[in-house]
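Listed below, chain by chain, are the residues.
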Amino acid sequence: MERDDGQGLFEDPDFPPLESSLFSDYTTPISKFCGDIVWMRPQAICQSPKLFPENPKDGHAKQGILGDCWFLCACSMLLKNKLLMDKVDAVFQVVPFGQPQWGECGYTGRFRFSFWQFGCWIDVEIDDQLPCIGARLCFSHCQSPSAFWVALLEKAYAKLHGSYEKLWAGQVAEALVDVSGGLAERWSLKEVGKELRQQGEDDIVQKKFSLSSLLGVGDRCVMSCSVHSSPGGAGELGQFHAFSVMEWVELQSRGIRLLRIRNPWGRRCWGGIWSEGGEGWNQLEPGCTEELLGRTEEGEFWIEEGEFLKEFDEVTVAYPISEQGFLQSIHTGRELVHSNQVCGSWVKGRSAGGCRNNSSFSTNPKFWLRISESGEILLSLLQHQRWRLCALSVRGTARPDLCSLNFQREGREENMPMDSSKQHHLQAIGLHLWKVEKKRFNLAKTLNTPPCASTHCHAYDREVTLHTQLSAGFYLLIPSTFLQEAEAGFLLRVFSNAPVTLSALKAPPSPTGDLAASVQEGEWETSCSEGQWIPGATAGGSRNFPSHLSNPRVPFTVNCEPRGANVRITLQQHCPAKDCQPIGFHVYQISEEGREPQISQDQEPQASCVPHRYTQEVSLLCSLAPGHYIIVPSTYQPDCQGCFSVTVARKIDRKAVESKENLGRIIQEVSYISVMRS
């Protein structure tokens, strides 16, 4: 329900001017300002507020007491790429055109912004009440005190995340993708050769960052640099802090390359030889020196390439977007005019096979990549870390069915059905690609050969990218987590200068629809049983209730010794999705096979698929010793009527994948934390 503040102005009920919008757990330094922050509208802060200043340079972001320099670097991208800001017909317009501002007819205190989230553009609507201390904005703001686009965009991003405090630390790459819908890559400037030496010299050359490799995209390229620690001279730059690279220039007569760096704190913080008054300028003609120093704004400084590579720890580069809306390769400068995307998920007990070290690798989701002609290919794997509705709407023609993805934790039966929207941690993710001669191929044989392209390791990032050149043909693409049974949703994207198609691998028809059993013909045997939950008879409910053992029972036998997971059980309820009940099942071992297998009330199950979930199908992959078993499928509550089927797939034999894959250096979520310093 919408509210006004007594002056007829909109007040956002989903992100109100309360502490709940500021803080999530009071663990960051901004919590000490808890009692000092008040909410004010721009017209109460200055006389003539406007969204953007007349001079674009006055629109640059300046950081306040909130540690979100990572997000402000993305704001610099918006100023540099006007297509994302104000092109009226742009699908990816972050600041929608034509919104009534202060003093204009139609102004109601309401503003709308758009962010790219997991494959589609999300509209976020907010009111214009902003956090202040002493009648001044205390978080991010523009260089001009009368411009408010940065402060309002930051509020919308905070609403998307749940609170301002959620923005305290983050990755520049994530923010760049969220405001562009494109891609960003990260390069470590330290110990690159040491990390990748085992990959061979060619890989080291490809992964090492070089400004020269970006000359093809020139000024259209958006770059950020960051400091993780502060040894030696870099102490002036701060620790865990991100900067924007505004431009770089070639002084060919001197063989020098200079970079102009912007500090979100709004002050110059570098005392190198190319700082103002530094001895480096003595190498240039006075006119050249004056011209370059004249380009610097508040908080900017020049640094030579060698110093840059020495003092900074990491570089993040966003792929430019052309006037036509196409991604432009930072490797070759080509426009990647063809693109496609598809959603998927790793589900425990079904499609969370882990890396190639595991014999279950082949159970991971599989996709066809078809390339019509040789070309440059850019693949992206983006894992779904969180999803917040909070009164958001989706723009575009398609929306991933995110709410249908179930992310369940292991837990006891006694827990109520879990909320699938809960936040979960990042997994270490990677991509592997094999070329196949035709769509009909031997999966086990293919996976035991080296991939034609892959990410060099699994990384704890929200998104990983794979850049390569591929010839025409069919390719098998497998995204995976490093660990088995790690659950997450993901989005696969492909960009190319050649026509491409990307689609999920369709399993051959089978009685069970079981993907792994279908593509690994001869390795599994399956059986399917149908049944009903009948109130008062066979609808006993979960183990919380004494009537649990009155549920239907499905017997099966395991004959071979387990070498890893050897049984996959799938329970499917037959009803429309809107009528789903929470379902689950338990597996009990019995002494011998019989018509009426007996289990006791206090007998513990050998395996369980719980907590019960509101979904049409649940599945469990488990390891069971040879013997006789029964499956007890149930709804959470007793006396719930329904029909179901239980499919049991038993492994006969499985040749392990002949590979050894190591987890790369764990990349922690870098906290680009900063505070206002006097």
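Notes on the structure in this doc start here. Just so it is clear, the model here is predicted, and its values are computed rather than measured.

### Details of unusual backbone geometry
Link 1 in the chain: In this model, Val610 is joined to Pro611 through a cis peptide bond whose omega is 0°.
Link 2 in the chain: Here Pro611 is to be found in strand 32 (residues 607-614).
Link 3 in the chain: Residues other than glycine seldom take positive phi values, yet Phe118 does so here, at roughly 55°.
Link 4 in the chain: Positionally, Phe118 belongs in the loop between strand 5 (110-117) and strand 6 (120-127).
Link 5 in the chain: Backbone geometry places Glu485, a non-glycine residue, at a positive phi of 60°.
Link 6 in the chain: Among the secondary structure elements, Glu485 is positioned in the loop between strand 25 (473-481) and strand 26 (488-496).
Link 7 in the chain: For Glu485, a relative accessible area of 27% translates into the label partly exposed.

### Digging into the packing of aromatic side chains
Link 1 in the chain: Applying the stated criterion to the full structure yields 21 aromatic pairs.
Link 2 in the chain: Residues Phe71 and Tyr157 carry aromatic rings whose centres are separated by 4.5 Å and whose planes lie at 15° to one another, so their mutual orientation is stacked. Here Phe71 is found in helix 3 (residues 69-80), whereas its partner Tyr157 is found in helix 5 (residues 149-161), with 86 residues between them in sequence.
Link 3 in the chain: Under the relative-accessibility criterion, Phe71 is labelled buried at 0%.
Link 4 in the chain: Among the aromatic residues, ring-to-ring pairing joins Phe15, Trp39, Phe139 and Tyr164 into one connected group.
Link 5 in the chain: Above the face of the Phe10 ring, Arg110 is positioned so that its terminal group lies 4.0 Å from the ring centre.

### Some points on the sheet that holds strand 7 (residues 130-133)
Link 1 in the chain: The sheet built from three strands is open, its strands ordered 3-7-8 with antiparallel pairing. Here the strands that pair on one side only, and so sit at the sheet edges, are strand 3 (38-40) and strand 8 (136-137).
Link 2 in the chain: Sheet analysis places strand 7 next to strand 8, joined by two bridges and oriented antiparallel. When the sheet's bridge partners are listed, Ile133 is paired in strand 8 with Arg136.

Reading the values: the criteria
Residues numbered from 1 in each chain as written. Predicted model: local features only at pLDDT ≥ 70, side-chain atom pairs only at ≥ 80, totals over all residues. Heavy atoms only, no water. Helix = DSSP H or I, 4+ residues; strand = E, 2+ residues; numbered from the N terminus. Buried < 20%, exposed > 50% of the residue type's maximum accessible area, 1.4 Å probe, protein only. Phe/Tyr/Trp six-rings, centres within 6.5 Å; stacked < 30°, edge-to-face > 60°. Lys NZ or Arg CZ within 6 Å of the ring centre and 35° of its normal. Pairing = 2+ DSSP bridges.

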